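Structure at a glance
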Amino acid sequence: MTTTFPDVTISTDRLVLRPFEEEDVTALAEMMNDEHITAWTSAPHPYTQADAYAWATRDSHTERAEGRGIVFAVTEFLTQRLVGIVHLRNTNWRTRATEVGYVTAPWARGEGYASESVLAVAQWLFREQAFERLELRTAADNTASQQVAQKIGCISEGVLRNAWTVRTQTADGGWADTRTDLIVWSLLPEDLDEGDDYDGYDGYGSYESHDTHGGHGGHGGRPGGAVAGQRSDAHGHPVGADRK
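Because the structure is a prediction, the values reported are computed rather than measured.

Here we look at the overall build of the protein chain
On a plain count of helices and strands, the protein chain comes out with six helices and 10 strands. Here the protein chain displays about 10900 Å² of accessible surface, and carbon together with sulfur accounts for 48% of that area.

Things to note about the pairing of strand β3 (residues 70–76)
Across the seven residues that make up β3, a large majority, seven, are buried. Burial along β3 is two-sided: Ile70, Phe72, Val74 and Glu76 and Val71, Ala73 and Thr75, pointing in opposite directions, are all buried. Where strand β2 (residues 15–18) lies against β3, four bridges are found, and the strand directions are antiparallel. Counterpart to Leu15 in the pairing with β3 is Glu76. In this structure, β3 lies alongside strand β4 (residues 82–92), joined through six bridges in antiparallel fashion.

What to know about unusual backbone geometry
In the segment running from His45 into Pro46, the intervening peptide bond is cis, with an omega of -5°. Checked against the element boundaries, Pro46 lands in the loop between α2 (35–40) and α3 (49–65). A positive phi angle is found at Gln80, which is not glycine, with a value near 65°. Its location among the elements puts Gln80 in the loop between β3 and β4. Unusually for a residue other than glycine, Asn90 sits at a positive phi of about 55°. Structurally, Asn90 can be placed in strand β4.

Quick look at the confidence of the model for the protein chain
Looking at the protein chain, pLDDT values average 85 and 81% of them are 70 or higher. Every residue in residues 197–205 is under pLDDT 50, and counting partners more than four places away or in other chains gives 21 contacts. This stretch, residues 213–244, has a pLDDT under 50; its non-local contacts, to residues over four places away or in other chains, come to 121 contacts.

Let's talk about the nonpolar core
Counting residues in each nonpolar core, the largest one holds 36 residues, and the members touching the most others are Leu88 and Trp124. Here this core takes 10 residues from helix α4 (residues 113–128), the largest share from any one element. Core analysis: the second largest hydrophobic core is formed by 18 residues, Leu28, Met31, Ala43 and Ala105 among them.

The rules we used
- Residues numbered from 1 in each chain as written.
- Predicted model: local features only at pLDDT ≥ 70, side-chain atom pairs only at ≥ 80, totals over all residues.
- Heavy atoms only, no water.
- Helix = DSSP H or I, 4+ residues; strand = E, 2+ residues; numbered from the N terminus.
- Areas by Shrake-Rupley, 256 points an atom, 1.4 Å probe, with all protein chains shown as cover.
- Buried < 20%, exposed > 50% of the residue type's maximum accessible area, 1.4 Å probe, protein only.
- Pairing = 2+ DSSP bridges.
- pLDDT = per-residue confidence, 0-100.
- Contact = heavy atoms within 4.5 Å.
- Core = buried A, V, L, I, M, F, W, Y, C linked by side-chain atoms within 4.5 Å.

Put into structure tokens, the structure is as follows:
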């Protein structure tokens, strides 16, 4: 049984989702120091160039190599600018289920990039990797992340009470940890089949993938930080999930 994802790049009309590279370090460090990402994820703060270098050149690639999931650097097709991250993690190969986390650079918000990239990964996951379940977990007050889940057709399954820690800014400009609930969402292959008329933003409705060794996949139908089993956020840090 396959227990690692292939090394692939996924393209949409506006985006390219690819493995991280050393050239992404500066943009990654800038993005991860945004106050919203600091608030909703457990990524280090401040997020240093050393943190970014370790993630771009080693840690993100280890996620795939060790079978925990796969990390995509989301970039604009035209400019190659770093838009964000989509991270499949906590992957269960026996049940063909995994969890998705995502973050979006502040300059790219409001363009539908998070929905577009997560949906493209979900299509690839179900139609080419024969997975049966994609799960998202959003902090109770993170309405932006919840809108992404709703936009791509996820179903809300319930609430995990007091299950996550977010950061809130203090009067002196620092950060303090605060407990919060998590909303659990899921997406199944039939949810995408029922929503094939989803037109997304700017007419987006399909994806294309190819592996880094020249193999190619298209739109076809469905075919036939942390250790495994431990939760990690979008940047590989243990416990929970990132919230946009």
